[in-house]
Amino acid sequence: MTAARGRPRSFDRTTALERAMAVFWEQGYEATSMTDLTSAMEIRSPSLYAAFGSKEKLFLEAVALYGATEGEFIARALADEPTARDAVAAVLRGNARAYTDEAKPGGCMIVQAAANCSRENAAVQDRLAEWRRAGAEDIAHRIERGVLEGELPADTDTEAVASFYTAILQGMSVQARDGATRSDLEKVAERAIAAWDVVTGAVGAASP
């Protein structure tokens, strides 16, 4: 006798995850309740747990989706722009637009959604810190490529340069959440781009 199969899900998992991402992005991990999630995802708690396992697992999956969708242009810029300067400039300018997109929550989900958690949720906070470090490493690798290709001096402190521009991006995210406009962030981005030669040490290297 064939065992009866379980009832198929009555919701689209991808759509539900996108909705959860929006809630976590807007409210943050700890401030988001299960009621908030089930309401936004239009499912019941048993279905949420069956599909995603737990609130924490749902959140981490939502962050991964954010990185793969909202952050896709960053990976493309770092890979495709002809110089490290062009790549970093594209990331700064792109995020000035993305962080202030009126159709979405302000700022960067990876920067802000679990920036300040209680001890019981430290694992979530640590995971986002790892994602942020990985983003800085991606920028550092692109700058290292610039050194290898002769764009930058051989003694460029690639990690320090990446940390500087990561700090600019994270600050732009906070400003966006506080109400900064696209124009406001573009001004920040353009000044950070203008500082490239000083930040990388290229000015001193070019001097006699």
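What counts and how
- Residues numbered from 1 in each chain as written.
- Predicted model: local features only at pLDDT ≥ 70, side-chain atom pairs only at ≥ 80, totals over all residues.
- Heavy atoms only, no water.
- Patch = residues over 30% accessible without salt bridge, like charges linked within 9 Å, V, L, I, M, F, W, Y side chains within 5 Å.
- Areas by Shrake-Rupley, 256 points an atom, 1.4 Å probe, with all protein chains shown as cover.
- Salt bridge = Lys/Arg side-chain N within 4 Å of Asp/Glu carboxyl O.
- Lys, Arg positive; Asp, Glu negative; His and termini not counted.
- Charge placed at Lys NZ, Arg CZ, Asp CG, Glu CD.
- Helix = DSSP H or I, 4+ residues; strand = E, 2+ residues; numbered from the N terminus.
- Buried < 20%, exposed > 50% of the residue type's maximum accessible area, 1.4 Å probe, protein only.
- Axes fitted to C-alpha atoms, helices over the stretch in contact; angles between N-to-C directions.
- Parallel < 35°, antiparallel > 145°, perpendicular 65-115°, else oblique.
- Contact = heavy atoms within 4.5 Å.
- Nonpolar A, V, L, I, M, F, W, Y, C, P; charged D, E, K, R; others polar.
- Expected span 1.5 Å × (residues − 1).
- Arc of directions from axis to C-beta.

*Asks:* Is there a simple way to think about a negative patch on the surface in this case?
*Replies:* Together, Glu137, Asp138, Glu144, Asp157 and Glu159 make up a region of like negative charge exposed at the surface. Here the negative patch gets three residues from one element, more than from any other, and that element is helix α8 (residues 122–148). Taking the relative accessible area as the measure of exposure, Asp138 reaches 44% and is therefore partly exposed.

*Asks:* Before we go on, may I ask you to explain the packing of helix α6 (residues 84–98) against α8 in this structure?
*Replies:* Axis angle and axis distance: for two packed helices, these are the angle between their axes and the distance between the axes, and together they describe the pair. Put simply, α6 and α8 touch, their axes get as near as 8 Å, and they point 155° apart. Relative to α8, the element α6 is oriented roughly antiparallel. Mapping the contact onto sequence places Ala84, Ala87 and Val88 in α6 and Ile139, Arg142, Ile143 and Gly146 in α8. Of the residues contributing to the contact of α6 with α8, the split by class is five nonpolar, one polar and one charged.

*Asks:* What should I look at first to understand helix α10 (residues 182–194) in this one?
*Replies:* Given 3.6 residues per helical turn, the α-helix brings residues three or four places apart onto the same face. Its 13 residues place the ends of α10 18 Å apart at the C-alpha level, agreeing with the 18 Å of an ideal helix rising 1.5 Å per residue. Those residues of α10 that fall on the buried side of the exposure criterion are Leu185, Ala189, Ala192 and Ile193. With its buried residues spanning 100° around the axis, α10 presents them on a single face. Facing away from the buried surface of α10 by more than 90 degrees, the exposed residues are Arg191 and Ala194. Residues of α10 that are buried sit in contact with α6, α9 (158–177) and α11 (196–200).

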